[in-house]
Amino acid sequence: MSKTISFNELRRIKDSLPNGSMHRIADELGITADTVRNFFGGQNFQEGSSVGIHMEPGPDGGIVVLDDTTILEKALEILQENAHV
């Protein structure tokens with residue numbers, strides 16, 4: 001299922017994650033941490049893979065269309081866990 005989100009919102013989610021979250025998401029999904037970073041706007045394609053995001057310029061940092069929301073869902077789970085701590 002695809003989802004559209006602003007680039008700034010995607011970065012806000014990434015910046016809100018506690019330390020170690022990129023590695024935790026990668027471990028839980030069986031992917032590299034650089035692939036997770038690429039999902040959040042990184043550009044390391046030597047170590048990480050492309051993750052099916054499409055960026056278009058516009059207000060609020062532009063629009064990002066996510067082909068697969070699995071990484072986003074894991075990130076939101078981690079934020080939810082930390083909200084209860």
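As a reminder, the structure under discussion sits directly above these lines.
Computed from a predicted structure; not experimentally measured.

Trainee: I'm lost on the packing of helix α1 (residues 7–16) against helix α4 (residues 70–83) in this one. Help?
Mentor: Helix packing geometry: the angle between the two helix axes and the distance between the axes. It is the contact of α1 with α4, at a shortest axis distance of 10 Å, that shows an interaxial angle of 50°. Considering the angle they form, α1 stands oblique to α4. Where α1 crosses over α4, the two elements pack in a sense that is left-handed. Along the contact surface, α1 presents L10, I13 and S16, while α4 presents L72, A75, L76 and L79. Split by residue class, the contact of α1 with α4 holds six nonpolar, one polar and no charged.

Trainee: Would you mind going over α4 with me for this structure?
Mentor: In an α-helix there are 3.6 residues to a turn, and that puts residues three or four apart on one side. Between the first and last C-alpha of α4 there are 20 Å, a value that for 14 residues agrees with the 20 Å anticipated at 1.5 Å per step. Listed as buried for α4 are I71, L72, K74, A75 and I78. End-on, the buried residues of α4 take up no more than an arc of 165°, which puts them together on one face.

Trainee: How should the pattern of salt bridges be read in this particular structure?
Mentor: Close approach of charged atoms allows side chains with opposite charge to pair. Under the criterion given, the structure shown has seven salt bridges. We note a salt bridge from R24 to E81, for which the minimum N-O separation is 2.8 Å. With R24 in helix α2 (residues 21–29) and E81 in helix α4, this pair connects stretches of sequence that are 57 residues apart. Exposure remark for R24: the relative accessible area of 30% places this residue in the partly exposed category. Overall, the relative accessible area of 37% leaves E81 in the partly exposed class. Overlapping salt bridges, with partners in common, bring together R24, E28, K74, E77 and E81 in one network.

Trainee: Is there a simple way to explain the nonpolar core in this structure?
Mentor: Nonpolar side chains tend toward joint burial in soluble globular proteins. Core analysis: the biggest nonpolar cluster contains 18 residues, and L10, L17, I25, V36, F39, F40 and L66 have the highest contact counts within it. Broken down by secondary-structure element, the contributors of at least two residues to this core are α1, α2, α3 (33–39), β3 (63–66) and α4. Sorting elements by how many residues they give to this core places α4 first, with four residues. Those residues in contact with V36 that sit more than four places away from it in its chain are M22, I25, A26, I31 and I71.

Trainee: Is there a simple way to think about the packing of α2 against α4 in this case?
Mentor: As a packed pair, α2 and α4 sit with axes 10 Å apart at the nearest point and diverge in direction by 125°. Considering their axes alone, α2 and α4 lie oblique with respect to each other. Note on packing geometry: the crossing formed by α2 with α4 is right-handed. Along the contact surface, α2 presents S21, R24, I25, E28 and L29, while α4 presents T70, I71, K74, A75, I78 and E81. Tallied by class, the residues present in the contact of α2 with α4 amount to five nonpolar, two polar and four charged.

About the cut-offs
Residues numbered from 1 in each chain as written. Predicted model: local features only at pLDDT ≥ 70, side-chain atom pairs only at ≥ 80, totals over all residues. Heavy atoms only, no water. Axes fitted to C-alpha atoms, helices over the stretch in contact; angles between N-to-C directions. Helix = DSSP H or I, 4+ residues; strand = E, 2+ residues; numbered from the N terminus. Parallel < 35°, antiparallel > 145°, perpendicular 65-115°, else oblique. Left-handed = near helix turned anticlockwise from the far one by under 90°. Contact = heavy atoms within 4.5 Å. Nonpolar A, V, L, I, M, F, W, Y, C, P; charged D, E, K, R; others polar. Expected span 1.5 Å × (residues − 1). Buried < 20%, exposed > 50% of the residue type's maximum accessible area, 1.4 Å probe, protein only. Arc of directions from axis to C-beta. Salt bridge = Lys/Arg side-chain N within 4 Å of Asp/Glu carboxyl O. Core = buried A, V, L, I, M, F, W, Y, C linked by side-chain atoms within 4.5 Å.

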